[in-house]
Amino acid sequence: MTPVQSKIYTDDVSLLMVLIDTNPFFWNSINSTLSFSKFLSNVLAFLNSILLLNQLNQVVVIATGYNSCDYIFDSSASQNHNQRAENLLQKLEDFVQKDESLGRDDSVDGPGFSLLSGSLSMALCYIQKVFRSGPLHPRPRILCLHGSPDGPGQYVAIMNAIFSAQRSMVPIDSCIMGAQHSAFLQQASYITGGVYLKPQHLDGLFQYLSTVFATDLHSRSFLQLPKPVGVDFRASCFCHKNTIDMGYICSVCLSIFCKHHKKCSTCG
Amino acid sequence: MPQVRIVARNFMDMVASLPASKLDKLYDNSFICEAILRSLPPLAKKYVLQLLYIDGPVTAKLLEEWVIPDGVSKHKVAIDRLIQLRVLSETLDRKKEATYRLNPTFQINLQKHILHGGILPREPMPSNVTVRLPSLEDLDAYAVQQWECFLLHLINSAEAEKSTNISSSMMKVFQRCLLSQKDDREPPKLTESGFQFLLMETSAQLWYIIREYISNSEEHGVDTADLIAFLLELSFHVTGEAYNVNTLTDVQRRIIKDLADLGLVKLQQGRKESWFIPTKLATNLSISLADSSSRKQGFVVVETNFRMYAYSTSKLHCEILRLFSRIEYQLPNLIVGSITKESLNKAFESGITSEQIISFLQQNAHPRVAEKIPSVPENVTDQIRLWESDLNRVEMDPAHLYDEFPSRDVFEAACDFAREYGGLLWENSKKMRLVVKPLPPSRNSHHHCAIATTIAQQLQPTWANLAHHKEFPSRSVISLVQLEEYLQVLEFLGHNTAKSVRVDVENSQIWTPAASEQRLRTRTLQRSKIIFRFFTLRSFKMYTALQKIHKDRDAEPTEFEETVAQALFDLENTNQEIKSDLRDLYINSAMQIDVSGSKKAVAIHVPYRLRKSFRKIHPRLVRELEKKFSGKEVVFIATRRILRPPKKGSAIKRPRTRTLTAVHEAMLEDIVYPAEISGKRIRYRLDGSKIMKVFLDPKAKNDTENKLETFAGVYRKLSGKDVVFEFPITEA
């Protein structure tokens, strides 16, 4: 898997893509022990600390809604340093309202699940744009702050995004705020070489973020980080999106089905 | 205690070396905290972030657990750095374990920064007041221009086109380490560090200048801490925005004026107020703090044929390239040159190393070639390094040669003593000679000095000693030990009459005959590179006469054989015609054989494989050798092995060529060469004795007529049989 031949800084300049889960169904449910505002204040402090560490560090925030995803904040866009937080919050509010208003009926999974595949793809596109921009660019990584359960309809898209991240050598870190583990993000972190963490005390979220997720890629080779424990590698079938242990596989395109089909729906 | 030694290589080390109270005062300023955080190594930054909200002390063990075993050295470096800068304070608690705590002011400032985001040191002026603000490109061009003008002035005031406002005393401060002036009349020349300075990156150069500026201001009474604080604050301004000069104190205003001359800020005057605009050089100050690579656009393309194309119009770049390459021509936007051995030698003599040149070329590689790996072709980089190591081929040490020790004990004692102080360079215990480095002056052990002087007094000066008891200056030759070998070296190098070489030791000169006729080659001992090269290649076998003879089973050649070999050797060196033929030839052995009473003959055994080559030059060689061994006849015989008839048990088949009869017949043919054997007769007498008659071809009658007795004698000696040689009378 040869990555794109590109010149990167050898030290700790990093480009951090943060994917924030803004699904109100999750944040208001009993599953979350942290209020959204507290969560945001932790995240803002974390973003400030990332930008503090190195003058050339870049942070881009993408919000994952349940109908759409959008860019919320880009630190390289020239704006007043004083009002970073205000800008971010303003844009976030606009996004949440827009997301609610969209209310599509034909959404992939349903309102309980966030569009993780969409935001992953947007993040990867941004990273590719940065790769092609100039001779030197920072080392990119993706941080997923996720809480909603995994939407089975997005399995294929998420796996594709994970493999393309692996090919571009972009690690995907995940921090789970919900009550249950997310199989997709476990696989993502395992395959791309990122860190998967489900903090036990969500009140100290900033400490978790700054200890584990603030390390740049250069220093990761010297530090002990949480190791993956028992990754759930089960696939889900392409027809019903259930996780299955045993199934039927098309010999041409390797898509997985739970029942025997005469004709493969992917390649025919 | 910090384990890393502080070397004031860059700005942060200067900050770290400030006294503790000043450093703590510096941390009141939140920009300095930010700047210092940014300058730490990555691991240290992480530790600070993790400890930011922890109020109590943290044990060192806990911090060490965060690191995997491979990274322990980086961990140590990070912790030492943090302690040096007094960001972490180390205390020993009751259990004698080390704990760390963040500096409280530092902690508070950083927490504020994280929670409230970055604050600007001052507000930019509203745009209705500031008119004619330069665009970012103009600002960049201005900065580059000012900086280059300053550098040109620094190096050579005559070359710069524009004058700079920096006072000459300031210039002298900057030039202190970079230029040296031998004579007031001569223009000042760049020193070694001056050249290195030129080849450094802009950020490194900038920091060097700023460091000099700060140390200079310290002498003038400006507080270092204030100056450092202001400079760091400056780096947090936004490039291109105008800031009111009124917000600065008087001291800062003076500093701003100086910085404007360096190109860090641009001063502009409005109707009522004046403002300064920081350029990219100023805002990049904090990036360069952490020794990271800069994003400058390169301009040099180096090709594999050693040609160099520099797309630049700047005079400074031309000067820098002229340092180590030969500029061939200069077009309006292109400088074309080539890297040659002479130009590099010039650079090496000025003290520039090959690594600096290579890193300069790599860092300034044009974007077109910068993406390729490697950006500078490998053959060019390898060749530059090789040419540099060419100059370092011979190592010279000042040395003393001691010879003619009165006894072995004194010699051994001298050797041991030399080994003790680490100065033994070479010893030859067979001939009891010793070459040592001079005693280091700092040794104040009188006892050792006494031993050394007694040894020196006991030695009697020989002619070789005379040369070396005088301490030659450090660039002179060492251990010219075996002068005979040296003379042979000269022979080998083609000085024909080496025996008449005159060595004038007092004046350190060697005269060869050709030279003495025309005074062409007075090589002083100091300068002769060939000789040096020769002596350092000690493992190379000395080409002497002993190469001309090779005895089986490592037996020592007898005296006679040595003379024969020497004769061959001399022949080879003197006689130009057969020199090439003789070069690879050598003999096995030689013996003197008495022939018919008074006469002697020389039988030379020659390796079987070389017999054809010897036969080629046989007539000439025999003639020359007979001249050398006056009166003695010379015969060449090939060495052949004779095997005994195999015993009952052995299975090896003995080849016919290895039988006695075959060998003797072949020997006979060798002896009479160039005459040929046309026939043999064996006559059996009645009493059983045999007489062998050998008929030779009358073609070679003239040459070999007088040698018939010699042939018979040699054959008799070698085989034990009597033979009579005849020329047949009738042509059969």
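Residues numbered from 1 in each chain as written. Chains lettered and ligands numbered in written order. Predicted model: local features only at pLDDT ≥ 70, side-chain atom pairs only at ≥ 80, totals over all residues. Heavy atoms only, no water.

Colleague: If you had to explain the overall build of chain B to someone new, which residues and values would you point to?
Modeller: Helix and strand counts for chain B come out as 33 helices and 24 strands. A fraction of 61% describes how many contacts in chain B between residues 6 or more apart in sequence connect residues 24 or more apart. Element-wise, carbon and sulfur atoms account for 51% of the exposed surface of chain B, whose accessible area totals about 40900 Å². (Helix = DSSP H or I, 4+ residues; strand = E, 2+ residues; numbered from the N terminus. Contact = heavy atoms within 4.5 Å. Areas by Shrake-Rupley, 256 points an atom, 1.4 Å probe, with all protein chains shown as cover.)

Colleague: Let's hear about the overall build of chain A: which residues, and what values?
Modeller: Check the secondary structure of chain A and you find eight helices and ten strands. Taking all 268 residues of chain A together, the buried fraction comes to 51%. Put simply, of all contacts in chain A between residues at least 6 apart along the chain, 67% involve residues at least 24 apart. (Buried < 20%, exposed > 50% of the residue type's maximum accessible area, 1.4 Å probe, protein only.)

Colleague: Give me the pattern of salt bridges: which residues, what numbers.
Modeller: Residue and element names in this part refer to chain B. This model, assessed by the stated rule, comprises 21 salt bridges over all chains. Its salt-bridge partner being Lys548, residue Glu572 comes within 2.6 Å of it at the nearest N-O pair. On the criterion of sequence distance, the pair formed by Glu572 in helix H27 (residues 559-574) and Lys548 in the loop between helix H26 (529-536) and H27 is long-range, its members being 24 residues apart. Among the residues examined, Glu572 registers a relative accessible area of 3% and is labelled buried. Here Arg716 ties to Asp722 by a salt bridge, and the two come within 3.2 Å at their closest N and O atoms. Looking at Arg716, the relative accessible area reads 43%, which means it is partly exposed. (Salt bridge = Lys/Arg side-chain N within 4 Å of Asp/Glu carboxyl O.)

Colleague: How would you sum up the packing of H27 of chain B against helix H30 (residues 618-628) of chain B? Please name residues and give values.
Modeller: Residue and element names in this part refer to chain B. Relative orientation of the contacting elements H27 and H30 amounts to 120 degrees, with a least axis distance of 11 Å. The angle between the axes of H27 and H30 places the two elements in the oblique class. In the packing of H27 onto H30, the handedness of the crossing is right-handed. Within the contact between the two elements, H27 uses Ala567, Leu568, Asp570 and Leu571 and H30 uses Leu621, Glu624, Leu625 and Lys628. Of the residues contributing to the contact of H27 with H30, the split by class is five nonpolar, no polar and three charged. (Axes fitted to C-alpha atoms, helices over the stretch in contact; angles between N-to-C directions. Parallel < 35°, antiparallel > 145°, perpendicular 65-115°, else oblique. Left-handed = near helix turned anticlockwise from the far one by under 90°. Nonpolar A, V, L, I, M, F, W, Y, C, P; charged D, E, K, R; others polar.)

Colleague: I'd like a description of the pairing of strand E1 (residues 14-21) of chain A, backed by residues and values.
Modeller: All names here are of chain A. Counted residue by residue, E1 has eight buried out of eight residues, so it is predominantly covered. Neither face of E1 is exposed, since Ser14, Leu16, Val18 and Ile20 on one face and Leu15, Met17, Leu19 and Asp21 on the opposite face are all buried. Sheet topology note: the E1/strand E4 (residues 139-146) ladder contains seven bridges and is parallel. Looking across to E4, one finds that Met17 is bridged to Ile142. (Pairing = 2+ DSSP bridges.)

Colleague: Can you lay out the sheet that holds strand E15 (residues 433-436) of chain B for me, pointing to particular residues and giving the numbers?
Modeller: All names here are of chain B. Sheet architecture is open: three strands sit in the order E13-E15-E14, paired in antiparallel fashion. Pairing within the sheet leaves two strands with one partner each, and these edge strands are strand E13 (400-402) and strand E14 (424-428). Averaged over neighbouring strand pairs, the angle between their axes works out to 15 degrees when direction is ignored. As paired strands, E13 and E15 are joined by three bridges and run antiparallel to one another. By the bridge assignment, Leu401 is partnered in E15 with Val435. Lying on the sheet, helix H21 (residues 408-420) is in contact with E14 and E15; it crosses E14 at an angle near 160 degrees.

Colleague: Describe the environment of Asn379 of chain B, listing the residues and the values that go with them.
Modeller: Residues and elements named next belong to chain B. Within the secondary structure, Asn379 is located in helix H20 (residues 378-391). Relative accessible area serves as the criterion here: at 35%, Asn379 is assigned to the partly exposed category. Residues Asn379 and Phe306, 73 residues apart in the sequence, show an inter-C-alpha distance of 8.9 Å. Excluding its chain neighbours within four sequence positions, the residues that come into contact with Asn379 are Thr304 and Phe306. Reaching out from Asn379, the side chain makes a polar contact with the backbone oxygen of Thr304 at a distance of 3.1 Å. (Polar contact = N/O pair within 3.5 Å; in protein donor to acceptor, adjacent residues only side chain to side chain.)

Any functional reading would require information that these geometric values do not contain.
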